[in-house]
Amino acid sequence: MNDYFNFRRLFVSGAIATLVAGPALAISKGRAIKLVESLVGEISLMINSVKTETELTSTFERIVAKYADMNVISRSTLGPRARGASESELRTFKKAFQRYFARKYSKQFLNFSGNQIILKDTQDRGKFFEVGASIIVDGSSNIDVNFRVSDRSGEPRFFDIILEGISLLASERVEIGALLDNSQGDIGLLSKNIEELG
Amino acid sequence: MLVTACSQAPNAFNNDPLELVNRKTHELNKFIDSNFISPISVGYSALAPDPLENSLSNFSGNLSLPGKVVNNVLQLDLKAAGKNLSRFIVNSSFGLLGIFDPANRIGLYENSSDFGQTLHRWGFNEGAYIELPLFGASNFRDGVGRFVDMALLDPSSYILKEPVTTYRSVAGVGALLQARQIYSDQIDAVLYESADSYAQNKLIYLQRRRFQLKDEANEVYIDPYSE
């Protein structure tokens, strides 16, 4: 009797756990792929329609604001220094970083105007999903671009792009870390300085 | 495996006990690039017609194929060995001693390999980061690999005689200059536009190399949500 009861309880709690965890994860995977699908769609549209560099940068900044988890990305680039920073410092930096990011990376897309991007497999990496994509360049040398997507900020957003194995977040952490050193650890000064970079 | 990857992450780019020396070498390499390689590559691509540049790069690349076949075999990757060997035969004959690249047109692409990769397949870890004079970013394993490739595992160097060896060297310089020009935006961004070009170059090299070798054990990912 006791055993039966325990078994039942175990079963019920298991079922609840499945209800809570299982479908949530399943939705996340589907939503992660949807996010990247729609992101890739907007990027394709951008590279095939936008003409000037300023137009490209502003379009890309809009896309980034919509699809990237910029709060988390910008905070991460500051490294341990982010912990001591005030809310307003982080907010100012995020805005400056987002513009810097758009200026710096939108230029990369000019090389791929006319190229098709296809989605490949999506991997469950435990805490996030990695949605694989490939830029089709004739035959031998397709370029792998993976998007790391998480919904831990509330909704699915990408927090890193891996271009041929190279993490954009890792690069920016090194870059912003060095710039922060050059600004004597002053996030306000750093925010001003990166307005002229990228 | 995830746990391993996570716990390794903080150290995966920090295996750099020679950093002080490496940074000096990095400055030397930047000096050589900015004063010689980069300006000469600009002049080369302006003066030499594209077909000539391609021919020199093809010729040099073709003669490096036998060395790649040797490494494919050492890795017991016979499929890749067959591909590279077929490519070498097609381009040496129909491609007029490798000046043209008809193999590419029939989908016979190069399967890149080197002794550093062979050592990786044999289970050697990459070891400490090293920036080599002239050759640039490397690590202990791949630096040894590069030396072994040049000194021991290159059948072309045993077989070729003068003046072909000289032609080969000249073509090799041409290939280097053409590559410097093709990737000039990316190279300039890392070397001359980043705040710490040494750290950025190291980071990019290590990640690209691990990606190329499918070295998943050393794959690093940053989880910005758990910081």
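In this text, all values refer to a predicted model and were calculated from it rather than measured experimentally.

(A) Fine view of the packing of helix α3 (residues 50-74) of chain B against helix α9 (residues 164-182) of chain B. Residue and element names in this part refer to chain B. α9 packs onto α3 with a crossing angle of 115° between their chain directions and a minimal axis gap of 8 Å. For α3 against α9, the interelement crossing comes out left-handed. Here Glu-53, Leu-56, Ser-57, Phe-59, Ser-60, Gly-61 and Leu-63 of α3 come into contact with α9, specifically with Arg-168, Ala-171, Gly-172, Gly-174, Ala-175 and Gln-178. Here the contact of α3 with α9 is composed, by residue class, of five nonpolar, six polar and two charged.

(B) Spotlight on unusual backbone geometry. Residues and elements named next belong to chain B. Going from Glu-162 to Pro-163, the amide bond is cis rather than trans, its omega being 0°. Tracing the backbone shows Pro-163 in the loop between α8 (155-159) and α9. One non-glycine residue, Lys-214, lies in the positive phi region at around 50°. Tracing the chain through its elements places Lys-214 in the segment after α11 (197-212).

(C) How the structure looks around helix α7 (residues 140-151) of chain B. Residue and element names in this part refer to chain B. Over its twelve residues, α7 runs 17 Å from end to end, which matches the ideal 16 Å to within 8%, given 1.5 Å per residue. Of all the residues in α7, the buried ones are Arg-141, Asp-142, Gly-143, Gly-145 and Asp-149. Those residues of α7 that are buried lie in contact with α3, α6 (115-121), β1 (129-132), β2 (136-139) and α11.

(D) Here's a closer look at the nonpolar core. Membership of the largest hydrophobic core comes to 31 residues, with the highest contact counts inside it found for Val-36, Val-131 and Val-149 of chain A. Among the elements of the structure, α1 (2-49), α3 (70-77), β2 (129-135), β3 (143-150), β4 (157-163) and α5 (168-182) of chain A together with β1 and α11 of chain B are those that each provide at least two residues to this core. Broken down by element, this core gets its largest block of residues, seven residues, from α1 of chain A. When neighbours within four sequence positions are excluded, Val-131 of chain A is seen to be in contact with Ala-32, Ile-33, Val-36, Leu-119, Thr-122, Asn-146, Phe-147 and Val-149 of chain A. Core analysis: the second largest hydrophobic core is formed by 15 residues, Leu-56, Phe-60, Phe-101 and Ile-176 of chain A among them.

(E) Here's a closer look at the interface of chain B and chain A. In this complex, chain B contributes 20 residues to the contact, which on the side of chain A involves 23 residues. Top contributing element to the side of chain B that touches chain A by residue count: α11 of chain B, with eight residues. Classifying every residue of the side of chain B that touches chain A by side-chain character gives ten nonpolar, five polar and five charged.

Parameters at a glance
Residues numbered from 1 in each chain as written. Chains lettered and ligands numbered in written order. Predicted model: local features only at pLDDT ≥ 70, side-chain atom pairs only at ≥ 80, totals over all residues. Axes fitted to C-alpha atoms, helices over the stretch in contact; angles between N-to-C directions. Helix = DSSP H or I, 4+ residues; strand = E, 2+ residues; numbered from the N terminus. Left-handed = near helix turned anticlockwise from the far one by under 90°. Contact = placed C-beta atoms within 7 Å. Nonpolar A, V, L, I, M, F, W, Y, C, P; charged D, E, K, R; others polar. Expected span 1.5 Å × (residues − 1). Buried ≥ 20, exposed ≤ 12 C-beta atoms within 10 Å, placed from the backbone. Core = buried A, V, L, I, M, F, W, Y, C linked by C-beta atoms within 7 Å.

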